[in-house]
Amino acid sequence: MKVFVTGGTGAIGGHVIPTLIGAGHEVSALARTPEKAAVLTAQGAKPVSVSIFDTKALTKAFAGHDVVINLASSIPPMTKFLYAGAWKDNDRIRTLGSAAVVDAALAAGAGRVIQESVSMLYRDHGPRWVDEDAPVDDYPMTKGNLAAEANAKRFTGAGGAGIVLRLGWFYGPGAAHSEQILAQARRRVGLVMGAPGGYVSSIHMTDAGTAVAAALTAPAGIYNVVDDEPLTKREFAAALARAAGKRSWVRGPGRVALVLGDRVTSLTRSLRVSNTRFRTATGWQPEYPSAREGWIATAKQV
């Protein structure tokens with residue numbers, strides 16, 4: 001297939017592009033700087049310089065492509081995570097950018113759009129499993145993702161195949177925040193956000209890359225892309241400590257993080273998310289069934 005990727009030089013794009021190339025697809029990808037264009041070229045993709053907000057230019061760039069994969073985002077660093085203003089660029093990309101991508105894909109005649117989203121949209125479910133039919137929440141940090149999902153649905157309504165991938169909490173090489181957390185664990189500082197018995201649904205970057213490639217054959221719809229076995233916050237912290245080879249002397253902020261409300265609710269709630277629908281639809285299988293295996297691999301790579 002001929003595939004165009006936006007966000008191809010980002011955290012997940014760095015895993016998606018090589019996976020697509022390795023599978024024999026012809027890949028073009030958006031590049032905003034000469035340095036990023038060089039990275040794409042070295043991976044075997046064709047770099048294209050165009051603004052994600054320019055529908056006319058995107059239409060020209062998408063012409064002749066079978067699939068458009070939108071992975072574009074601008075996630076702020078952990079040091080700015082709590083500041084609403086730090087999310088403005090990401091919200092603009094997920095709202096206006098995703099709209100331009102869909103409009104251009106329709107105009108260019110692409111048959112499929114794959115849109116990245118997050119599984120943290122779901123409401124707290126405690127110990128219960130969460131599938132794609134569970135209700136999502138509406139708070140400030142979800143608005144961009146909900147807008148992007150709506151645009152993918154609009155693509156399906158216009159006769160194409162719109163695919164939404166609700167990915168778990170990223171960890172592994174390329175995910176800057178997880179590399180920072182691993183560095184803290186090596187200093188004997190463990191991270192627990194919310195109640196220790198609550199669940200976190202994560203996805204290793206390698207598995208996120210193969211999942212996006214697998215979505216090329218998925219029917220239109222919404223799919224959860226997470227590890228097979230979500231861990232409790234306590235288990236997740238223990239797996240991280242084992243991978244770091246250091247017992248945590250300090251662990252936090254735990255339940256205290258709950259007082260920050262909507263600013264961290266995507267990280268503090270309990271989400272035991274199921275990937276069954278995606279695995280059934282595509283045959284995809286993660287290399288790392290849970291963060292227990294994934295953190296060990298990450299510690300060897302970072």
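What you see is a predicted model; the values in this text were computed from it and never measured. (Residues numbered from 1 in each chain as written. Predicted model: local features only at pLDDT ≥ 70, side-chain atom pairs only at ≥ 80, totals over all residues. Heavy atoms only, no water.)

Colleague: Can you break down helix H11 (residues 291-301) residue by residue, with the values?
Modeller: Within H11 the residues assigned to the buried category are Ala 291, Gly 294, Trp 295, Ala 297, Thr 298 and Ala 299. Looking at the buried side of H11, the elements it contacts are strand E8 (169-171), helix H6 (176-185), strand E11 (202-204), strand E13 (231-232) and helix H8 (233-244). Backbone nitrogen of Arg 292 and a side-chain oxygen of the N-cap are separated by 3.1 Å at the start of H11; the cap is Ser 290. (Buried < 20%, exposed > 50% of the residue type's maximum accessible area, 1.4 Å probe, protein only. Helix = DSSP H or I, 4+ residues; strand = E, 2+ residues; numbered from the N terminus. Contact = heavy atoms within 4.5 Å. Polar contact = N/O pair within 3.5 Å; in protein donor to acceptor, adjacent residues only side chain to side chain.)

Colleague: Describe the nonpolar core, naming the residues involved and giving the relevant values.
Modeller: The biggest cluster of nonpolar side chains holds 35 residues, and the ones touching the most others in it are Val 5, Ile 12, Leu 20, Ile 69, Leu 165 and Phe 278. Those elements giving two or more residues to this core turn out to be strand E1 (2-6), helix H1 (13-22), strand E2 (26-30), helix H2 (34-43), strand E4 (67-70), strand E7 (161-167), helix H7 (205-214) and strand E12 (221-225). Those residues within four positions of Leu 165 in sequence are excluded, and the remaining contacts are Ile 114, Gln 115, Glu 116, Ser 117, Val 118, Ala 211, Val 212, Ala 215, Tyr 223, Val 225 and Phe 278. Grouped together as the second largest cluster of nonpolar side chains are 19 residues, Val 50, Ala 100, Ala 110 and Phe 155 included. (Core = buried A, V, L, I, M, F, W, Y, C linked by side-chain atoms within 4.5 Å.)

Colleague: I'd like a description of the confidence of the model for the protein, backed by residues and values.
Modeller: Averaged over all residues, the pLDDT of the protein is 89; the fraction at 70 or higher stands at 89%. Contacts for the low-pLDDT stretch residues 252-261, under 50 throughout, to residues beyond four places or in other chains number 19 contacts. (pLDDT = per-residue confidence, 0-100.)

Colleague: Which residues make up the pairing of E4, and what values go with them?
Modeller: Because side chains alternate across E4, one face comprises the buried residues Val 67 and Ile 69, and the other comprises Val 68 and Asn 70, equally buried. Taken together, the 4 bridges between E1 and E4 define a ladder with parallel strand orientation. For Val 5, the partnering residue across the bridge sits in E4 and is Ile 69. Across 4 bridges, the pairing between E4 and strand E5 (residues 112-118) is parallel. From the neighbouring strand, Val 68 faces E5, where its bridge partner is Val 113. (Pairing = 2+ DSSP bridges.)

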